[in-house]
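Okay, here's what each chain looks like letter by letter:
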Amino acid sequence: MAQNRFPKPDFESGYKYPEIHHAIPNEELLVAIDIILLVALMGIVSWAVIKKRTRGPILWVSVISVAYFGFFRKGCVCSIGSVQNVALALTDNTYALPLSVLLFFILPVLFAFLFGRVFCAGVCPFGALQELVNIKNYKLPKALTTVLGMMPWFYLIFALLYAVTRSSFIICRFDPFIGIFRLGGDIGMITCGVILLIMAMFTGRPFCRFFCPYGALLSIFSSVSIWKIKLTDKPCINCELCHNACPVDAIRPPYANKAKESRLRGVKRLLNYFVLLPLLILCGAFLMRSVSSELSRANKEVRLYDMVMQHEANPGDVLSLELEAFYGQGDSIEGLTQRYEKVQADFKLYTTIAGALMGLVVAITLIGLSVKRTRKQYEIDHAACVGCARCFSYCPQYKIGNESGNIAL
Amino acid sequence: MEQKKENKNSPIARRKFLRVLGTAVAGGSILAVSGVLASRLKNEKEASYYWQIDPQKCTHCGRCETDCVLQVSAVKCFHANKVCGYCDLCGGYFRSNAKELNTAAENLMCPTGAIQRKFVEDPYFEYTIDESLCNGCGKCVKGCSSFGNGSLYLQIKRDLCTDCNECKIARVCPSDAITRVSMDTAYKLKD
Ligand code: SF4
Ligand code: SF4
Ligand code: SF4
Ligand code: SF4
Ligand code: SF4
C-alpha cells in the first residue's frame, strides 16, 4: 500500500502547484428539475384521466418521460428503486436518505392515493416505454396472469429483504430497461429488456404486470384512492368494448353470482379462510427462515467471512483479490466475525418476516380467487388499472357524454 | 361492532364502509411514513448522494475498469501533485523493461498512454492525466502505490458517473473502498 517514501517536494524555482478543478455538473439544479417535472407530469396525467378522459396528453407525457427520465437522466434514481432506499432509511438510521429520493418515492404514492396510478400511466419511464411500443393486445389466460400477478409482491418482498440487510439493491441490479436507456451495460439484462419490450408489443406492459414491485405498492393505494377513473357517467350498456381495449386486463366483466350461498356454507368458507391464512403465513415464515443462511450469501460480509474461513483452513491457496484486500488492510478476523454474526441475525429476523408476508400474498390471492361478488356491469379494477386511458374512446356511452361536455370530476 | 351491523344491512353498505376504512388507513400510512422519514432527513448536505472511492482503502484491483455500468468507466486516474512527482526516482508507473524514463506509451504501465508530464525542477514533474484516454484500470496506481508515495489514485468523476442507485463497482470492490458521500464533500481527493 501507499506510504510516504519520498519527502514532500521543496521548490527553489518558486513553482506553484497548479489549481485543479474537477468537473461537477449542476446536480442540485438537475434534481430540482426532476422533482418539478415529476409533479407536473403526474398533474397532467391526473387531469387527463380523471377530468378530461382523453389519451392524447398521456402519450405526450410518455414521450417526455422516456426522453428525460429515461435517456437523459439514464433512469437513476427511479421511484421503483427508491423503495429500497426508503426501506433502508427506515431500518438503519446511519443511512442518510436524500430528500430527492424520498420525494421520488412518496409523490407517486401520494398521487396514487389521490388519483390512482397516474405515475404508471406515462410518468414512469419504464411504463411509458412499454406503452409506446405496444401495438396489439393479446389477452393472456386468467390462470397465468393470476400466478404471475403474485410475482411483483415476491419481488418487492425480496427487494426489501436485501435492502434492509444492506446486501444488495436487487431492483437496480436486475433492471431490464436501464441498459436500454444507457445504451450499454450488462448484456444479460439488456437482452431481458429487449425480450420484455418485444412482449410488450403484443400484450400490455408485461414488466408492470408481472415484475414491477413499485406497481404492486401503488396498487394498494390506487384501490382506495379518493378520486377514481370512471369510464362514463352514463349507464354501462355492457358492450364489452372497453374490456377488450384494456392492455392490463383491469376491466372486470359483469358477473352474476347465481348460486346464492347458504348461511352455513358462508360461515364454513369464512372458517376455512381463518385456518388457511395463518397456516400459509406460518409456512412461509418457516420456509424462508430455514433458507436464511443460504440467502445471506448475497451479503458481501458473509461472502468475505466464508472466504476468510476457507483460507484459514488451508492457508496454502492463492489469495483472491478480496482476501488480499482483507489481509492487506489489517482487518481483524474478530471484527469480521462480529459483523458476520450481526448480518446472520438480521437475516434470520427479516427472512422470517419476508416469509410471513409471502404466505400472506399467496393467501390473499387464493381468497381473492374464491370470493365471487356480483357485478352488474363492466367495472374497472382500480388496483390493476394503470390509467392509460385507452378504454375511454372505446366506450360508446362515453362518446355521448363527452360531446355534451358534462364531465364532472 | 359497527362493521357487523352494516354487514347485516347490505353488502353495498359494508363495501362502502370498508372502502372508507381502507382510504383512511392508506392516507394515514402515507402521513406516518413521510413523517418518520422527514424526521430522519437531517441536513440535506449530509445526505448520501454521490459515489466516491476512498483512495486510502482502494487496492487498485482493476475492477473499476471492468465493472462500471458505462462502456468506459466513470473512474479515472487522478494525480496529487502535492504528494509526489519524483517518478524518475521510484519508477512506479513505468514498465519494468522501460527503455527510457519518459512518458512515451511503450514505457508506461498505462495501456492507453494517458499519463502526461511537464518537467518542473530536477527531479520533480507535474503530471496530468488525459481523461479521454484513461480507462480507470489502476495499473499506474498500483505501481505508484507500491514503489512511491501513491500520488496517483483512482476516483469516480462526478460529471461522468450516472450515480447508479447501487454503484456496480461498489458491489464487487474487494476492499469496500466505494461509498456514498454527501453533496459538499464533492470529491474525496488525496491532497
Ligand atoms: S408498474 Fe412499475 S414499471 Fe410499470 S409504470 Fe408502474 S412503476 Fe413503472
Ligand atoms: S385506463 Fe382503462 S384501458 Fe387503461 S389500464 Fe385503466 S382500465 Fe385499462
Ligand atoms: S474496485 Fe475498489 S479496490 Fe478495485 S480499483 Fe476500484 S476502488 Fe480500487
Ligand atoms: S494506467 Fe490505467 S488508471 Fe492509470 S492513467 Fe492509464 S488507464 Fe488510467
Ligand atoms: S455509480 Fe455507476 S456509473 Fe458511477 S462509477 Fe459506479 S457503476 Fe460507474
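Residues numbered from 1 in each chain as written. Chains lettered and ligands numbered in written order. Predicted model: local features only at pLDDT ≥ 70, side-chain atom pairs only at ≥ 80, totals over all residues. Heavy atoms only, no water.

Asker: Got a sec to walk through the overall build of chain A? Specific residues and values, please.
Answerer: In terms of regular secondary structure, chain A is built from 20 helices and two strands. For the C-alpha atoms alone, the extent of chain A along its principal axes is close to 90 × 60 × 35 Å. Out of the 409 residues in chain A, the part that is buried amounts to 47%. Across chain A, the fraction of contacts at a sequence separation of at least 24, relative to all contacts at a separation of at least 6, is 82%. Carbon and sulfur atoms form 66% of the exposed surface of chain A, whose accessible area is close to 20,400 Å². (Helix = DSSP H or I, 4+ residues; strand = E, 2+ residues; numbered from the N terminus. Buried < 20%, exposed > 50% of the residue type's maximum accessible area, 1.4 Å probe, protein only. Contact = heavy atoms within 4.5 Å. Areas by Shrake-Rupley, 256 points an atom, 1.4 Å probe, with all protein chains shown as cover.)

Asker: Account for the pairing of strand β2 (residues 75–79) of chain B, with residues named and values stated.
Answerer: On a regular strand, one side chain projects to one face of the sheet and the next to the other, so that they alternate. Residue and element names in this part refer to chain B. Taking burial as the measure, the five residues of β2 include five buried ones, the bulk of the element. Here β2 shows two buried faces, one formed by V75, C77 and H79 and the other by K76 and F78. Alignment of β2 against strand β5 (residues 152–156), held across five bridges, turns out to be antiparallel. Across the sheet, F78 pairs through a bridge with Y153, a residue of β5. (Pairing = 2+ DSSP bridges.)

Asker: Explain the domain arrangement of chain B to me, using residue names and the numbers behind them.
Answerer: Once the domains are mapped, chain B shows domain 1 (2–40) and domain 2 (48–182). Look at where the C-alpha atoms of domain 1 of chain B and domain 2 of chain B centre, and you get two points 57 Å apart. (Domains from an automatic or database assignment.)

Asker: Tell me about the site of ligand 3, and please be specific about residues and values.
Answerer: For ligand 3, the set of nearby residues contains 13 residues, the closest of which are C58, C61, C64, C173 and S175 of chain B. Taken together, the residues of the shell around ligand 3 sort by class into eight nonpolar, four polar and one charged. (Near = heavy atom within 4 Å. Nonpolar A, V, L, I, M, F, W, Y, C, P; charged D, E, K, R; others polar.)

Asker: Which residues make up the interface of chain A and chain B, and what values do they have?
Answerer: Counting residues at the interface gives 66 residues for chain A and 71 residues for chain B. Between chain A and chain B, a total of about 5,700 Å² is buried, with carbon and sulfur atoms accounting for 59% of that surface. Joining chain A to chain B, the criterion identifies two salt bridges. In this structure, the connection of chain A to chain B is made through nine residue pairs in polar contact (both at pLDDT 80 or more). (Buried area = accessible area lost by both parts, 1.4 Å probe. Salt bridge = Lys/Arg side-chain N within 4 Å of Asp/Glu carboxyl O. Polar contact = N/O pair within 3.5 Å; in protein donor to acceptor, adjacent residues only side chain to side chain.)

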